[in-house]
Amino acid sequence: MSDRRQVKCSHLTRAGMPCQRWATVGSEPPACPSHGANRRSNQARPDNQNPRKRGFYGRVLTVQELADLVDHANQMSLEDEIALARVALHRVLAHLKENPNLATAELTNLLALAFRGTRTVAHLLRDQRALTGAAADGLLGAIAQALDELGTEWGVEL
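The shown structure was predicted, so the numbers you read here are calculated from the model rather than taken from an experiment.

(A) Just the overall build of the protein, in detail. What the protein contains, in helices and strands, is six helices and zero strands. Evaluated residue by residue, the protein yields a buried proportion of 20% over its 158 residues. Counting only carbon and sulfur atoms, one obtains 55% of the accessible surface of the protein, whose full area is about 12300 Å².

(B) Summary view of a negative patch on the surface. Where like charges cluster on the molecular surface, the negative patch consists of Asp 148, Glu 149, Glu 153 and Glu 157. Residue placement: Glu 153 occurs in helix 6 (residues 134–154).

(C) Quick look at the pattern of salt bridges. Summed over the entire model, instances satisfying the criterion amount to two salt bridges. The partner of Arg 91 in a salt bridge is Glu 65, and the shortest N-O contact between them spans 2.8 Å. Pair noted here: Arg 91 is in helix 4 (residues 78–98) and Glu 65 is in helix 3 (residues 63–72), with a separation of 26 residues, a long-range link. Linking Asp 127 and Arg 126 is a salt bridge whose minimum nitrogen-to-oxygen distance equals 3.1 Å.

(D) Main features of the nonpolar core. With 18 residues, the main nonpolar core has Tyr 57, Val 60, Leu 61, Val 92 and Leu 110 as its most contacted residues. Breaking this core down by element, the ones donating at least two residues are helix 2 (56–60), helix 3, helix 4 and helix 5 (104–132). Tallying contributions element by element places helix 4 first for this core, with seven residues. Discounting chain neighbours no more than four positions away, the residues touching Val 92 are Val 60, Leu 110, Leu 113 and Ala 114.

(E) Quick peek at the side chain of Ser 27. The residue Ser 27 is located in the segment before helix 1 (50–54) in this model. Within the local environment of Ser 27, its side chain forms a polar contact with the backbone oxygen of Thr 24, the two atoms lying 2.8 Å apart. A polar contact of 3.0 Å, which involves the side chain of Ser 27, links it to the backbone nitrogen of Ala 31.

(F) Looking closely at the packing of helix 4 against helix 5. Contact geometry of helix 4 with helix 5 gives a least axis separation of 9 Å together with a crossing angle of 160 degrees. Relative to helix 5, the element helix 4 lies roughly antiparallel. In the packing of helix 4 onto helix 5, the handedness of the crossing is left-handed. Among the residues making up the contact of helix 4 with helix 5, the classes are represented as 16 nonpolar, five polar and five charged.

(G) Looking closely at a nonpolar patch on the surface. A cluster of nonpolar side chains, contributed by Leu 139, Ile 143, Leu 147, Leu 150, Trp 154, Val 156 and Leu 158, occupies part of the molecular surface with about 660 Å² of accessible area. Take Ile 143: it is sitting in helix 6.

(H) Looking closely at unusual backbone geometry. For the bond running from Glu 28 to Pro 29, omega is -5 degrees, close enough to zero to count as cis. Counting through the fold element by element, Pro 29 comes out in the segment before helix 1.

(I) Examining the state of the cysteines more closely. Under the definition given, this model contains zero disulfides. Of the cysteine sulfurs around Cys 9, a residue in no disulfide, the closest is that of Cys 32, at 3.9 Å.

Basis of the calculations
Within any chain, residue numbers begin from 1 and follow the written order of that chain's sequence. Only residues with pLDDT of 70 or above have their local features reported here, since the model is predicted, and side-chain atom pairs are shown and tallied only from 80 upward, although totals for entire chains, interfaces and linings are computed over all residues. Hydrogens and waters are ignored; side-chain quantities use all the structure's heavy atoms. By definition, any uninterrupted DSSP run of H or I lasting at least four residues is a helix, any uninterrupted run of E lasting at least two residues is a strand, and each is numbered from the N terminus. Classification of residues uses two cut-offs on accessible area relative to the type maximum, computed with a 1.4 Å probe and protein chains only: under 20% is buried, over 50% is exposed, and between them is partly exposed. In this description, accessible areas are obtained by the Shrake-Rupley approach with a 1.4 Å probe, and a residue is regarded as covered only by the protein chains that are shown. Residues qualify for a patch when their relative accessible area is over 30% and they have no salt bridge, like charges being joined within 9 Å and the nonpolar side chains of Val, Leu, Ile, Met, Phe, Trp and Tyr within 5 Å. Salt bridges are defined as contacts in which a side-chain nitrogen from Lys or Arg sits within 4 Å of a carboxyl oxygen from Asp or Glu. Counted charges follow a simple rule, with Lys and Arg positive, Asp and Glu negative, and His plus the chain ends left uncounted. To locate a charge, take NZ of a lysine, CZ of an arginine, CG of an aspartate or CD of a glutamate. What we call a nonpolar core is a set of buried Ala, Val, Leu, Ile, Met, Phe, Trp, Tyr and Cys residues that are connected through their side-chain atoms within 4.5 Å. Any two residues having at least one pair of non-hydrogen atoms within 4.5 Å are treated as being in contact. Whenever two N or O atoms come within 3.5 Å, that pair is a polar contact, provided that in protein one can donate a hydrogen and the other can accept it, and provided that, for residues adjacent in sequence, both atoms are side-chain atoms. Axis definition: a line fitted to C-alpha atoms, over the contacting stretch in the case of helices. Angles run 0 to 180 degrees between N-to-C directions. Just so you know how the angles are binned, under 35 degrees is roughly parallel, over 145 roughly antiparallel, 65 to 115 roughly perpendicular, and the rest oblique. Each crossing gets its handedness from the near helix: less than a right angle anticlockwise from the far helix is left-handed, clockwise is right-handed. Each residue gets one label: Ala, Val, Leu, Ile, Met, Phe, Trp, Tyr, Cys and Pro are nonpolar, Asp, Glu, Lys and Arg are charged, and the others, such as Gly, are polar. Any two cysteine sulfur atoms within 2.5 Å of one another count as a disulfide.

So, in structure tokens, the structure goes:
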């Protein structure tokens, strides 16, 4: 007989009641599969090569460029990441321009990649703007202008 005994899950349900399911053996604290026992974390394994093969950069950077990126990833700034995304996007767009008679499937894949790259650059620029406070300055300026216009229209000082 095993020295591990089956216990109930130690978590609460959405209703705030104790979970009645059996915990997975060896989980600490005791948890059923619904409450996280044996769930994979959201982090990829260190040896995961999928981003190199299938990710945005993997499609437009050379093997050496990807290796350099991995080697220097912890030293990259947001500006470096924006520049890298722009270079990758530029390469996709240049390939589209240089090859106007692509097969439909390849054209579809490259256009999807170009749109993903554009979205990546836009998100990075938005994040950079938020981190530098430029977004807040723009919002404060818009609010101040709206208050000035309302104050003028109503004849009061806001």
